[in-house]
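So the chains spell out like this:
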Amino acid sequence: RMSLTSDELNYLVYRYLLESGYAHTAFCFANESLVTKANINGADVPPGSLISFVQKGMLYVEIEQHINEDGTEIEMTDEKTLALPIHLQNRDAEFKDDAAESIDEDGTEIESTKVTTLPGHESEVFTVAWNPAKSLLASGSGDSTARIWHIPATESGPMAQHNTQWHVLEHINTQTNEKAKDVTTLDWNSDGSLLATGSYDGQARIWNEQGKLVMTLSRHKGPVFSLKWNRTGSLLLSGSVDKTAVVWDTRTGDVQQQFQFHAAPTLDVDWRNSNSFATCSTDKLIFVCKLGEEAPVKRFQGHTDEVNAVKWDPTGTMLASCSDDYTAKVWSVKQDEPIFDLRLHTKEVYTIKWSPTGPGTKNPTKPLLL
């Protein structure tokens, strides 16, 4: 007899939220339901499983409604259906269409023989980051690990995959000796010698490039969503679901200062210079903070939904933000209203990035792009 435990049902709901793009809701649900502590292998759960179960259940109910007590069929015209999330509908057809089309008129289609696939993770891969100095790629996954991949610089495709070496960075909760589940964020320091990872257990960890654990940073009371090194590598900034941001001294592992300004989970953080930074939150607000100050030096209010990411331009004079309100905005600390209000997106905007051009970069004569 087929049945579902409460943990299995919670995991199906959690996966549905992730697959539908509700990443922050999924993390909060998982935190409250403790679904990440359940002994469930996410790799065994195919996409759209919750919808599949519901549809099969409705089909069973509909079959019951079509059958008389004597076993004869009842004619019915009403249709009861549920659809998969749009990005999961007709997956095979979409993939075939995408493969058949070039990227755009000016783009180049990459041949499959030149694509290097990195297998190994046993669950979803949430985040990746290139090492700034070496041919290393870091990845973070829901399987409680990060990996550092040594990518061959002279080749690509199946041969490069065969020659790729890696280190597995196991995330274990030192208090419970359990796996820490999702590795949610990671960031290399400026010289590429150290990798910082943030996890669902609320801990940040620092590793060397050989995958050896150097330091564990424990202060947050909820999942860590964002980590950023400062330019000198002396400080690490973290943002968490516990509504706070923490600045860590990476030489000692001590907390330099904890900032508690937001009224909801902190989703992203970004350094402006060596002692000030910006934070954003599901409370729709952005704060500019400074080490040693007990209050924000600037507050930006203008987004009408969760603010997903913030990023300073190379000179630290303009701050870009993006939100679930379908907009990206550019702010200056010299005024309260945004300098630019970019409204062409038709869905949530999850990430932003400045080009490495313009003043303050190695390409000062080229225009700055967002």
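Rules of the game
- Residues numbered from 1 in each chain as written.
- Predicted model: local features only at pLDDT ≥ 70, side-chain atom pairs only at ≥ 80, totals over all residues.
- Heavy atoms only, no water.
- Pairing = 2+ DSSP bridges.
- Helix = DSSP H or I, 4+ residues; strand = E, 2+ residues; numbered from the N terminus.
- Axes fitted to C-alpha atoms, helices over the stretch in contact; angles between N-to-C directions.
- pLDDT = per-residue confidence, 0-100.
- Contact = heavy atoms within 4.5 Å.
- Polar contact = N/O pair within 3.5 Å; in protein donor to acceptor, adjacent residues only side chain to side chain.
- Buried < 20%, exposed > 50% of the residue type's maximum accessible area, 1.4 Å probe, protein only.
- Salt bridge = Lys/Arg side-chain N within 4 Å of Asp/Glu carboxyl O.
- Phe/Tyr/Trp six-rings, centres within 6.5 Å; stacked < 30°, edge-to-face > 60°.

The strand order β19-β20-β21-β22 describes an open sheet built from four strands, whose pairing is antiparallel. At either margin of the open sheet sits one strand with a lone partner, and together these are β19 (307-312) and β22 (340-342). Direction aside, neighbouring strands of the sheet carry axes that sit 20 degrees apart on average. Here five bridges tie β19 to strand β20 (residues 318-323), and the two strands are oriented antiparallel to one another. Of the residues in β20, the one forming a bridge with lysine 311 is alanine 320.

Considering every residue of the chain, the mean pLDDT works out to 85; 85% of them sit at 70 or more. Every residue in residues 78-89 is under pLDDT 50, and counting partners more than four places away or in other chains gives 24 contacts. Within the model, the stretch residues 91-102 combines pLDDT values under 50 with seven contacts to residues more than four positions away or in other chains.

Moving on to the side chain of threonine 184. Summarising the element assignment, threonine 184 is placed in strand β7 (residues 183-188). Within the structure, threonine 184 has its side chain in polar contact with the backbone oxygen of valine 224 (distance 2.3 Å).

Turning our attention to the pairing of strand β13 (residues 245-249). Among the five residues in β13, five count as buried, and that is most of the element. Here β13 shows no split at all, with Ala245, Val247 and Asp249 on one side and Val246 and Trp248 on the other all buried. Bridge analysis of strand β12 (residues 235-240) against β13 gives five bridges, and the strand direction is antiparallel. Bridge pairing in β13 links serine 238 to valine 246. Direction of pairing for β13 relative to strand β14 (residues 255-259): antiparallel, over a ladder of four bridges. Opposite alanine 245, over in β14, you have phenylalanine 259 as the bridge partner. Connecting β13 to the antiparallel partner β14 that follows it, the hairpin turn spans five residues, and glycine 253 within it adopts a positive phi of roughly 85 degrees.

Moving on, we come to the sheet that holds β14. Strand order across the open sheet formed by four strands is β11-β12-β13-β14, with antiparallel pairing between neighbours. Single-partner strands in this sheet number two, and they are β11 (224-229) and β14. If you compare each strand with its neighbour and ignore which way they point, the axes differ by 15 degrees on average.

With that settled, the discussion passes to helix α2 (residues 23-33). Since there are 3.6 residues in each turn of an α-helix, residues three or four apart along the chain are aligned in direction. Three or more residues of α2 are buried, namely His24, Ala26, Phe27, Ala30 and Ser33. Where α2 is buried, its residues contact α1 (6-19), β7, β11, β15 (266-271) and β19. A positive phi of about 60 degrees marks leucine 34, the residue just after α2.

A word on unusual backbone geometry. Generally, phi is negative for residues other than glycine and the peptide bonds are trans, each holding for most cases. Positive phi, close to 75 degrees, is recorded for serine 144, a residue that is not glycine. Checked against the element boundaries, serine 144 lands in the loop between β2 (136-141) and β3 (145-150).

The subject of this paragraph is the environment of proline 265. By secondary structure assignment, the location of proline 265 is in the loop between β14 and β15. With 42 residues separating them in the primary sequence, proline 265 and proline 223 have C-alpha atoms 9.4 Å apart. For proline 265, the residues in contact, after removing those within four places along its chain, are Ser240, Val241, Lys243, Cys280, Ser281 and Thr282.

Here we come to the pattern of salt bridges. Where charged atoms of side chains with opposite charge meet at close range, the side chains can pair. Going through the model one piece at a time under the given rule, you end up with eleven salt bridges. In this structure, the salt-bridge partner of arginine 205 is aspartate 201, at a minimum N-O distance of 2.8 Å. The buried category is assigned to arginine 205, whose relative accessible area is 1%. We note a salt bridge from arginine 251 to aspartate 249, for which the minimum N-O separation is 3.2 Å. Shared partners join several salt bridges into a network, and the residues in it are Lys228, Asp268, Asp270 and Lys311.

Looking along a regular strand, one sees side chains alternate from face to face of the sheet. Along strand β17 (residues 285-290), five of the six residues are buried, which leaves the element largely enclosed by surrounding structure. Pairing between strand β16 (residues 276-281) and β17: five bridges, direction antiparallel. Its bridge partner being in β17, cysteine 280 is matched across the sheet by isoleucine 286. The turn joining β16 and β17, which pair antiparallel and follow one another in sequence, is formed by three residues; a positive phi near 80 degrees is taken by lysine 284. Where β17 and strand β18 (residues 298-301) come together, four bridges link them in antiparallel fashion. If you follow valine 288 over to β18, its bridge partner there is lysine 298.

Taken as a whole and assessed by the stated rule, the structure comprises ten aromatic pairs. With a centroid separation of 5.0 Å and an interplanar angle of 85 degrees, the aromatic rings of phenylalanine 259 and phenylalanine 277 are classed as edge-to-face. Remark: phenylalanine 277 occurs in strand β16 and phenylalanine 259 occurs in strand β14; sequence separation between them is 18 residues. Judged by relative accessible area, which is 0%, phenylalanine 277 ranks as buried. For the ring pair tryptophan 271 and phenylalanine 277, a centre distance of 5.6 Å and an interplane angle of 70 degrees mean the geometry is edge-to-face. For the pair tryptophan 271 and phenylalanine 277, a shared accessibility class is recorded, and that class is buried. Members of the aromatic cluster, joined through ring pairs, are Phe259, Phe261, Trp271, Phe277 and Phe287.

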